[in-house]
Amino acid sequence: MNFKKYIKAVGTGVKGNRNLSKDEIFDAIESILENRVTPAQIGAFLIGWRTKLETNEELSGAVEALRKFMKFKRVENSIELGYSFDGRCENPFLFPLFENILDEFYKKNSDVKRLDLVISGDYLQPAKVGITTKEIFQNIDKGQYIHFFDRVEYLKELSDITPLRHELGLRTAFNTVEKLLNPAFSEYGVTTAFHKPYVQKYLEIFAPYFEEVVVVKASEGSPEVFKDGKFWKLKNNQIIEESFSLKDFGVNYSKEFENITLEESLNIVKNPDDEILKLAKFNVALYLLFSNRVASLKEAWQRLN
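Residues numbered from 1 in each chain as written. Predicted model: local features only at pLDDT ≥ 70, side-chain atom pairs only at ≥ 80, totals over all residues. Heavy atoms only, no water.

Moving on to the overall build of the protein. Across its full length, the protein carries 14 helices and seven strands. For 305 residues, the compact-globule estimate of 2.2 N^0.38 gives 19 Å, and the protein sits close to it at 20 Å. Dimensions of the protein along its principal axes, counting C-alpha atoms only, are 60 × 45 × 35 Å. For the protein, with 305 residues in total, the buried portion stands at 56%. For the protein, restricting intrachain contacts to residue pairs at least 6 apart in sequence, the fraction spanning at least 24 positions comes to 73%. Carbon and sulfur atoms provide 48% of the accessible area of the protein, an area that totals close to 14,100 Å². Across the protein, 42 positive and 45 negative side-chain charges occur, with their mean positions spaced 3 Å apart. (Helix = DSSP H or I, 4+ residues; strand = E, 2+ residues; numbered from the N terminus. Rg over C-alpha atoms; globule rule 2.2 N^0.38 Å. Buried < 20%, exposed > 50% of the residue type's maximum accessible area, 1.4 Å probe, protein only. Contact = heavy atoms within 4.5 Å. Areas by Shrake-Rupley, 256 points an atom, 1.4 Å probe, with all protein chains shown as cover. Lys, Arg positive; Asp, Glu negative; His and termini not counted. Charge placed at Lys NZ, Arg CZ, Asp CG, Glu CD.)

The next point concerns unusual backbone geometry. Its identity as a non-glycine residue notwithstanding, Asn77 has a phi of 50°, on the positive side. Inspection of the secondary structure assignment puts Asn77 in the loop between helix H4 (56-68) and strand S1 (78-81). Accessibility expressed as a relative area gives 22% for Asn77, which makes it partly exposed. The backbone phi angle of Asn259 is positive, close to 60°, even though this residue is not glycine. With respect to the helices and strands, Asn259 occurs in the loop between strand S7 (238-244) and helix H12 (262-270). Judged by its relative accessible area of 48%, Asn259 is partly exposed.

Let us look at the sheet that holds S7. The strand order S3-S2-S1-S4-S5-S6-S7 describes an open sheet built from seven strands, whose pairing is mixed. If you trace the sheet from one side to the other, it starts and ends with strand S3 (146-150) and S7, each paired once. Mean inter-strand twist for the sheet, computed between neighbouring axes without regard to direction, equals 25°. (Pairing = 2+ DSSP bridges. Axes fitted to C-alpha atoms, helices over the stretch in contact; angles between N-to-C directions.)

With that settled, the discussion passes to the UniProt feature "domain: Glycosyl transferase family" (unreviewed entry) in the protein. Feature annotation in UniProt assigns "domain: Glycosyl transferase family" (unreviewed entry) to the following positions: residues 133-304. Secondary structure across residues 133-304 divides into 40% helix and 17% strand, with the first and last C-alpha atoms of the span separated by 25 Å. (UniProt positions renumbered as here; feature names shortened; annotations may be inferred.)

Look at the UniProt record and you will see "domain: Glycosyl transferase family 3 N-terminal" (unreviewed entry) annotated at residues 4-69. Helix makes up 71% of residues 4-69 and strand 0%. Its end C-alpha atoms lie 23 Å apart.

Turning our eyes to something else, we now look at the side chain of Glu212. Here Glu212 shows up in strand S5 (residues 212-216). Excluding residues within four positions of it along the chain, Glu212 makes contact with Glu187, Tyr188, Gly189, Lys233, Leu234, Phe290 and Asn292.

In this section: the packing of helix H5 (residues 98-108) against helix H13 (residues 274-290). Relative to each other, H5 and H13 sit at 65°, their axes nearing to 10 Å. Two packed elements cross with a definite hand, and for H5 against H13 that hand is right-handed. Between H5 and H13, the contacting residues are Phe98, Ile101, Leu102, Phe105 and Tyr106 on the first element and Leu277, Ala280, Lys281, Asn283, Val284, Tyr287 and Leu288 on the second. For the contact of H5 with H13, the per-class residue count stands at ten nonpolar, one polar and one charged. (Left-handed = near helix turned anticlockwise from the far one by under 90°. Nonpolar A, V, L, I, M, F, W, Y, C, P; charged D, E, K, R; others polar.)

Looking now at the nonpolar core. With 55 residues, the main nonpolar core has Leu81, Phe98, Leu117, Phe282, Tyr287, Leu288 and Phe290 as its most contacted residues. Ranked by residue count, the leading element in this core is H13, at eleven residues. Setting aside residues no more than four positions away along its own chain, Phe290 makes contact with Ile79, Tyr188, Val190, Glu212, Val214, Val216 and Phe231. Judged by nonpolar contacts, the second largest core, of 48 residues, contains Phe45, Val118, Leu155 and Val177. (Core = buried A, V, L, I, M, F, W, Y, C linked by side-chain atoms within 4.5 Å.)

What follows is the structure, given as structure tokens:
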């Protein structure tokens, strides 16, 4: 196997670059995960590929290759929440509050099909700094509705590349594809995109692995909403866009942080005020809608309250 041909394909320059086929990118990712190439070659390839701009076909091939190495454990009736792996520094994580919200919801709404939440995490990845889902899970009690998948266990080959990725210090294609790999065989998936061109990209590359994928406009690479926004989903092969306003649901959250610490984030969810609780409840309402447990966001909100 001549890995240099892949480096040449993505790193020669505008006139010499070419897109890789799905089979080629599968082979390239497989070679990286199996340590059949040197760290220098991996770095050159990842930077060149990022600079060339990855095609949807290439990203789809990368997802297929990564899933070949994964260990799966099914969580029935679940939605995967696709968090970024590169840390959070501007907002607390809300998901520790979702457990009690869902517990109370199902005590009052036994007619609604159960919904479990799946979240993945790993060591901090580049290019930001901040706290990770893994750090939060290491400091909260386990519940019945939220399931954490540690990438060290379900995709060690990719986790092991973390030091090299930090040496590069840049976002790579792995940042794009790692958020929604579906280790739990969830029926539904939700991830986030702040820039609209990524909406179609995410819907295309992740849709084959879920009954339905939703992309929500949220902050810090997270499917947690802190402000007014919108979401997109595929319907009859068309991208449908819907907007929402927090004030329409009586949510008036406006706090901002700069380099929030793990201790601060944990303190907020362990001692939540009314506004953070309403914000967390609104996010659960979105997930109930995205997983077709309710007919509308308004219905979800009414049932939650």
